[in-house]
Amino acid sequence: MNAPSTQPSHQGVRVGGLWLTLFGIAWLAVWTVQLTPVQLLLPLQLDTPGGPSDWITGVIWSGLILSIGGLAGVVAGPLAGALSDRTTARWGRRRPWALGGTLLAAGSLVLTGTASGPIAVGAAWVGVSVGIAVLSAALTAMIADQVSAQRGTASALVSSAQAIGIVVGVGAVVLLGLGIGASYVFLAVLILVIGVGTTALLPDPRPTSLLQDGTPDRATWRERMGALRDRDFGWVLASRLTVNLGNALGTSLLLFFLLYGIGSPAVTAEDDLLLLIVIYTVFVVAASIIAGSVSDRTGRRRPIVVFAALVQALSAVLILISPTFIGTAVAAAVMGAGYGAFMAVSLALATDLLPRPEHHARDLGVVNVSANLGQLLGPLLGAGLVALVGGFWLLFAAAGVLSTVGALMTLAVRPAQAHPVATSRSPHRAEH
């Protein structure tokens, strides 16, 4: 079967429906295997019911393990991206890394499911985090490599898949009644089948920056640093880190909040969590698709990103006002709308700022890190805030403050003059 190819148009490089479908499916698998353990499986493995001190200990262990895994991904993502930028294998420069990340993630998921005790679980989870970071770096680079006219749409697929992936994973575990070990095996098979399949089918074109003899074009040190030296790119990274940290504070300890903040019965807590995730997902998907499409048509990314971060901040205010299940459900809808729009358009905004195509994977690996670091440091910070006050109010207050700060950071990105459909090799940028 021939891989779907990109086609040029008068609006810039466009991709067809098959490319977008395969790309979206790949990201769906990535988010499913990453977030299902974060939201459900790891808390279940680490929860120690039996009194206030026990459940707080479970929260702290969960935060530590997720944060250590996140730090491993912080190193692995940009490193794998930089190496893939320099890869000249005959069967592609992104494909080998995507395949390697898939295999590592699948094997580590199985190990996590068989591990007992927080130390063993944490060690296995590091392998999952590294595998996912490597795979994500390769996939994200494909947006900059192959798309210019539909970057908002392609970025919306990434954020939509993030929300849907939680529903797919948690829904499968809850509705099928899978145990912890069986759940990890299910996730391992999912990423193995989809990761290998989409890696084989998605195109991996020869980079234009290679010379005729097939060797990489040489650049000065300043050119190699590319977007990493750019002021506006730095503000986008900072805002993604901050907003994702705020989002993680509002979502990563949700099962503990249902059990010990709202007081949901243990027998219904998983069902309540699934319902909240479904509500969150519907709004993430709708907002990301709408916002991504609007940003493609108008070229005005920055105002959408700022507004979306403020909407997420509003969700934290709502849950502080009404810390009930109904209040949490309303806040989940508002947070989903804000986060979905923010993630879709901020990724497109970051992609518009990339100056050199031979460094796409490295630079976008750093973009992934800025989001993932926030998501994975969130549980650690959140655990500390919960332990500090013996409750959850400070957790959500911090989520609102961080989301607002992220919006203000995006305001520091200076508008530029061109339409975002220009390729990243162009010296012009989008009007944000």
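In this convention, every chain numbers its residues from 1, walking through the sequence in written order. Residue-level local features of this predicted model are given only where pLDDT is at least 70; pairs of side-chain atoms are given and counted only at 80 or more, and the full residue set underlies all totals for whole chains, interfaces and linings. For the side-chain quantities, the full set of heavy atoms in the structure was used; hydrogens and water were omitted.

Visitor: Give me the lowdown on empty space enclosed by the protein, citing residues and values where you can.
Guide: In this analysis, the protein atoms alone were mapped onto a 1 Å grid. Cavities are point sets where a 1.4 Å probe fits without being able to get out; pockets are open sets with protein on both sides within 12 Å along at least five of seven lines; lining residues have an atom within 4 Å of a point. Grid points are joined across faces, edges and corners, and a volume is the space filled by probe spheres set on the points. Going through the model one piece at a time under the given rule, you end up with five cavities of 30 Å³ or more. Looking at the largest cavity, it is lined by 28 residues, and the ones nearest its centre are Gln39, Asn247, Gly250, Thr251 and Tyr280. Looking at the lining of the largest cavity, the elements with two or more residues in it are helix H1 (17-46), helix H5 (151-176), helix H8 (231-251), helix H10 (266-298), helix H11 (302-321), helix H12 (325-352), helix H13 (360-389) and helix H14 (393-411). Counted by class, the lining of the largest cavity contains 17 nonpolar, eleven polar and no charged residues. For the purposes of this entry, the term helix denotes a DSSP run of H or I that reaches at least four residues, the term strand denotes a run of E that reaches at least two, and both are numbered from the N terminus. When residues are grouped by polarity, Ala, Val, Leu, Ile, Met, Phe, Trp, Tyr, Cys and Pro land in nonpolar, Asp, Glu, Lys and Arg in charged, and all others, Gly among them, in polar.

Visitor: Break down the pattern of salt bridges for me, with residues and values.
Guide: In a structure, side chains of opposite charge can pair up when their charged atoms sit close to one another. Only one rule defines a salt bridge in this text: a Lys or Arg side-chain nitrogen within 4 Å of an Asp or Glu carboxyl oxygen. Following the criterion strictly, the structure yields five salt bridges and no others. Linking aspartate 296 and arginine 301 is a salt bridge whose minimum nitrogen-to-oxygen distance equals 3.2 Å.

Visitor: Can you explain the packing of H8 against H12? Please cite residues and give values.
Guide: Describing two packed helices takes the angle between their axes plus the distance from one axis to the other. H12 packs onto H8 with a crossing angle of 155° between their chain directions and a minimal axis gap of 11 Å. Considered as vectors, H8 and H12 are oriented roughly antiparallel to each other. You can see that H8 and H12 cross each other, and the crossing is left-handed. Residues Phe233, Val236, Ser239, Arg240, Val243, Asn244, Asn247, Gly250 and Thr251 of H8 form the contact with H12, whose participating residues are Met335, Tyr339, Phe342, Met343, Ser346, Leu347, Leu349 and Ala350. In terms of residue class, the contact of H8 with H12 is built from ten nonpolar, six polar and one charged. Fitting a line to C-alpha atoms yields each axis, with helices limited to the stretch in contact; the angle taken between N-to-C directions then spans 0 to 180 degrees. The scheme is simple: roughly parallel for angles under 35 degrees, roughly antiparallel for over 145, roughly perpendicular for 65 to 115, oblique for anything else. What makes a crossing left-handed is the near helix being turned counterclockwise from the far one by less than a right angle; a clockwise turn instead makes it right-handed. In what follows, a contact means two residues having at least one pair of non-hydrogen atoms within 4.5 Å.

Visitor: I'd like a description of H14, backed by residues and values.
Guide: Expected helix span is given by 1.5 Å per residue-to-residue step, counting one fewer step than there are residues. Taking 1.5 Å as the rise per residue, H14 with 19 residues should run 27 Å; its terminal C-alpha atoms sit 28 Å apart, in good agreement. Buried within H14 are the following residues: Leu395, Phe396, Ala398, Ala399, Gly400, Leu402, Ser403, Gly406, Ala407, Met409 and Thr410. Relative accessible area decides the class of each residue, using a 1.4 Å probe on protein chains only: under 20% of the type maximum gives buried, over 50% gives exposed, and in between gives partly exposed.

Visitor: Go over the environment of leucine 318, please, and point to the residues and values.
Guide: Turning to its location among the elements, leucine 318 is positioned in helix H11. In the structure, leucine 318 is positioned 14 residues away from alanine 332 in sequence and 9.5 Å away in space, judged by C-alpha atoms. Once residues within four sequence positions are removed from consideration, leucine 318 is found in contact with Val330, Ala331 and Val334.

Visitor: Talk me through the packing of aromatic side chains; I want residue IDs and the actual numbers.
Guide: In summary, the pairing rule links any two rings of Phe, Tyr or Trp, Trp by its six-membered ring, whose centres are within 6.5 Å, and it sorts them by plane angle into stacked for under 30 degrees, edge-to-face for over 60 and tilted for everything else. As enumerated under the stated definition, the model contains six aromatic pairs in all. Arranged with centres 6.4 Å apart and planes meeting at 70°, the rings of phenylalanine 23 and tryptophan 27 form a pair that is edge-to-face. Of the two residues, phenylalanine 23 and tryptophan 27 are both situated in helix H1; the distance of four residues between them amounts to about one turn of the helix. Each member of the pair, phenylalanine 23 as well as tryptophan 27, carries the same accessibility label: buried. Measuring from centroid to centroid gives 5.3 Å for phenylalanine 257 and phenylalanine 392, while their planes differ by 75°, and the two rings are edge-to-face. Of this pair, phenylalanine 257 sits in helix H9 (residues 254-262) while phenylalanine 392 sits in the loop between H13 and H14, and the two are 135 residues apart along the sequence. Take phenylalanine 257 and phenylalanine 392: they sit in the same class, and that class is buried. In textbook terms, an aromatic cluster arises when at least three aromatic residues are bridged by ring pairs, as seen for Trp19, Phe23, Trp27 and Trp31.

Visitor: Break down helix H3 (residues 95-114) for me, citing the residues and quoting the values.
Guide: The end-to-end C-alpha separation of H3 is 29 Å, in line with the 28 Å expected for 20 residues at 1.5 Å each. Listing the buried residues of H3 in full gives Arg95, Ala98, Gly101, Thr102, Ala105, Ala106, Ser108, Leu109, Thr112 and Gly113. Contacts made by the buried residues of H3 are with H1, helix H4 (118-146) and helix H6 (180-201).

Visitor: I'd like to hear about the nonpolar core, residue by residue, with values.
Guide: In this text, buried Ala, Val, Leu, Ile, Met, Phe, Trp, Tyr and Cys residues form a nonpolar core when linked through side-chain atoms within 4.5 Å. Core analysis: the biggest nonpolar cluster contains 108 residues, and Phe23, Trp27, Leu109 and Leu139 have the highest contact counts within it. It is H1 that provides the largest number of residues to this core, a total of 16 residues. Excluding residues within four positions of it along the chain, phenylalanine 23 makes contact with Leu139, Met142, Ile143, Ala154, Leu157, Val158 and Leu202.

Visitor: Summarise the side chain of threonine 112; cite the residues concerned and give the values.
Guide: On the secondary structure map, threonine 112 appears in helix H3. Whenever two N or O atoms come within 3.5 Å, that pair is a polar contact, provided that in protein one can donate a hydrogen and the other can accept it, and provided that, for residues adjacent in sequence, both atoms are side-chain atoms. Reaching out from threonine 112, the side chain makes a polar contact with the backbone oxygen of serine 108 at a distance of 2.8 Å. When sequence neighbours within four positions are dropped, the list of residues in contact with threonine 112 reads Leu42, Gln45, Val121, Ala124, Trp125, Val128 and Tyr184.

Visitor: Before we move on, could you go through the environment of alanine 172 and cite the residues and values that matter?
Guide: Along the polypeptide, alanine 172 turns up in helix H5. On the accessibility criterion, alanine 172 (12% relative accessible area) is buried. On a C-alpha basis, the gap between alanine 172 and leucine 187 in space is 9.8 Å, while along the polypeptide they are 15 residues apart. Residues contacting alanine 172, with those up to four places away along its chain left out, are Val167, Gly177, Leu178 and Phe186.

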